[in-house]
Amino acid sequence: MPETELDRETIRAAREGDESAFEKIVRFYTPTIYNMALRMCNNREAAQDMSQEIFLRLHSRLSRYDASRPFEPWFFTLAVNVCRNYLTRSRRYEVPLSQISGESDEGFERASTGKTPLEEGAESDLHQLIRNEVKKLPLPYREVIVLRYIKELSYEELAEVLQLPMGTVKNRLFRAREMLKQRLKKLQRE
Amino acid sequence: MKMRCDECRNLLHELIDGEIPAEKRAAVERHLAGCEACRHEYELLKAVDVSLSSEPLEQPPTGLVASVMANVRRRSAPFIWAELKPLPVAIAAGLLLAIFLFVQPELPAVSAPSLSELAPIYAEAEVSFVGVSVDMLHSISALKAQLVNFITALSPLTLVALTVLAIGLAIAGNLSAMRNIKARQTA
């Protein structure tokens, strides 16, 4: 897992109840957590709710974190569990962004990619297609794909976060990517 | 030995993820160089991989961090009674209870019943559970009688004055706690 920029001192202080240290953690992880939630559910409102739940759960569980172990795998295991519970309860959110009335990109800035509008257009079509296909994957496949690409986790790190054997993680990742590839293949033929 | 197509395709994911052992990598690359069908599969997988890894992160909504922190503060605020100092509150509550008892219409002076009076009542009610003896019940009745007699002996004005004093003490003693609670709510 890429080295966190958050120093251990901040995490230790937050664990001992320092509110400003906890806010630092929230600021640092909000982009990753929000985007992870968004890719899991493909709905901005639900992604905000999930992010809220994840940080509130972190706040209530932080005292149980074993400071001698790396923080990120522990935190992302917690985050994935919150997402699983949320998605199990709220199946109504499983709708593509493009099909949600009133949903637009207005007010939601995207990070600059440095591409021309034409390149971005072609790419965004593919991104949109892949994003919608990711949403259709069964949850066990979706979560492995989202974590792999949003956090660039290795097989070993994925296994640690998802608390699964490495063989299962590899199998799910390969099958998820195969499903996306088949969809792309079908579109190429059409 | 030449690699078969199915073997090659099983290893394409590991190749893309950069987690393939070096000796297998060379074999897969050799196979891809000579097999158009497998190369096509590889290119499709690579397109999926590139699309997934290059999808830009969306900016989280403005105010998400503030909203999370507001919820954290709300949830971590202790209940109001956890901050109140118990002694002044207990005195005020006790005196309020006393007033309540005092204003009961024509509260008669009560005398503690004797053991002989109590015994048949408890026997009839089949009070026989472990740890509660007739002696203990008698002591409670006697204490209650003393308390009621004490309250009825006080003048109403004394009781009201004592209650106002106790409530005043309870408020004064808890001013700092109330200020803390208000400050957190404002934040």
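What you see is a predicted model, and the numbers here were worked out from it, not measured in a lab. Residue positions are counted from 1 within each chain, in the order its sequence is given. As they are written, the chains are lettered A onward and the ligands numbered 1 onward, keeping that order. Local features are withheld for residues below a pLDDT of 70 in this predicted model, meaning they are given only at 70 or higher, and side-chain atom pairs are given and counted only at 80 or more; totals for whole chains, interfaces and linings count all residues. Excluded from the side-chain calculation are hydrogens and water; included are all heavy atoms of the structure.

Draft legend 1. Structural detail: the overall build of chain B. From N to C terminus, chain B includes ten helices and zero strands. Along chain B, helices (α) and strands (β) appear in the sequence α-α-α-α-α-α-α-α-α-α when read from the amino end. Think of it in three bands: residues with accessible area under 20% of the maximum for their type are buried, residues over 50% are exposed, and the middle band is partly exposed, with areas taken using a 1.4 Å probe on protein chains only. The buried share among the 187 residues of chain B stands at 27%. Every residue pair with non-hydrogen atoms within 4.5 Å of one another is taken to be in contact. In chain B, of all internal contacts separated by at least 6 residues, the share reaching a separation of at least 24 is 71%. When the accessible surface of chain B is split by element, carbon and sulfur atoms take 65% of a total near 12200 Å². Helix numbers and strand numbers start at the N terminus; a helix is a DSSP run of H or I with at least 4 residues, a strand a run of E with at least 2. In these tables, accessible area is a Shrake-Rupley quantity obtained with a 1.4 Å probe, and a residue counts as shielded only by the protein chains included in the view.

Draft legend 2. Quick look at the packing of helix 8 (residues 166–189) of chain A against helix 3 (residues 36–54) of chain B. Running from N to C, helix 8 of chain A and helix 3 of chain B cross one another at 110°; their axes reach a closest spacing of 9 Å. Comparing their axes, helix 3 of chain B and helix 8 of chain A come out roughly perpendicular. Between helix 8 of chain A and helix 3 of chain B, the contacting residues are Arg 177, Glu 178, Leu 180, Lys 181, Leu 184, Lys 185 and Gln 188 of chain A on the first element and His 40, Glu 41, Leu 44, Leu 45, Ala 47, Val 48, Asp 49 and Leu 52 of chain B on the second. Residue type decides the class: Asp, Glu, Lys and Arg count as charged, Ala, Val, Leu, Ile, Met, Phe, Trp, Tyr, Cys and Pro as nonpolar, and the leftover types, Gly among them, as polar. Its residues assigned to classes, the contact of helix 8 of chain A with helix 3 of chain B comprises seven nonpolar, two polar and six charged. A fitted line through C-alpha atoms represents every axis, and for helices the fit uses only the stretch in contact; the resulting angles, taken between N-to-C directions, go from 0 to 180 degrees. Each angle gets one of four labels, with under 35 degrees taken as roughly parallel, over 145 as roughly antiparallel, 65 to 115 as roughly perpendicular, and the rest as oblique.

Draft legend 3. Expanded view of unusual backbone geometry. Residues and elements named next belong to chain A. For Asn 42, which is not a glycine, the phi torsion comes out positive at approximately 60°. Summarising the element assignment, Asn 42 is placed in the loop between helix 2 (19–41) and helix 3 (44–61). On the accessibility criterion, Asn 42 (1% relative accessible area) is buried. With phi around 55°, Gln 163 is a residue other than glycine that occupies positive phi space.

Draft legend 4. Representation of the interface of chain B and chain A. Taken together, the contact pairs 34 residues of chain B with 44 residues of chain A. For any pair of parts, buried area is found by adding up, for both, the accessible area (1.4 Å probe) each one loses once the two are put together. For chain B, the biggest contributors to the area lost against chain A are Leu 52, Glu 55 and Glu 58 of chain B; these three give 18% of the whole. A pairing counts as a salt bridge when a side-chain nitrogen of Lys or Arg comes within 4 Å of a carboxyl oxygen of Asp or Glu. For the pair chain B and chain A, the interface holds ten salt bridges. Residues Asp 17 of chain B and Arg 177 of chain A are paired through a salt bridge, measuring 2.7 Å at the closest nitrogen-oxygen approach.

Draft legend 5. Structural detail: the packing of aromatic side chains. Residues and elements named next belong to chain A. Note on ring pairs: Phe, Tyr and Trp rings are taken, using the six-membered ring of Trp, and paired if centres are within 6.5 Å. Classes follow the plane angle, with under 30 degrees stacked, over 60 edge-to-face and the rest tilted. Taken as a whole and assessed by the stated rule, the structure comprises eleven aromatic pairs over all chains. Here the aromatic rings of Tyr 29 and Phe 75 are separated by 5.1 Å at their centres, their planes lie at 65°, and the arrangement is edge-to-face. Taken together, the positions of Tyr 29 in helix 2 and Phe 75 in helix 4 (residues 71–89) put the pair 46 residues apart, joining distant regions of the chain. Take Tyr 29 and Phe 75: they sit in the same class, and that class is buried. Geometrically, the ring pair formed by Tyr 65 and Trp 74 is tilted, given 5.1 Å between the ring centres and 45° between the ring planes. Judged by its relative accessible area of 1%, Tyr 65 is buried. The partly exposed category is assigned to Trp 74, whose relative accessible area is 25%. Ring pairing ties together the aromatic residues Phe 28, Tyr 29, Phe 55, Tyr 65, Phe 71, Trp 74, Phe 75 and Phe 76, which thus form one cluster.

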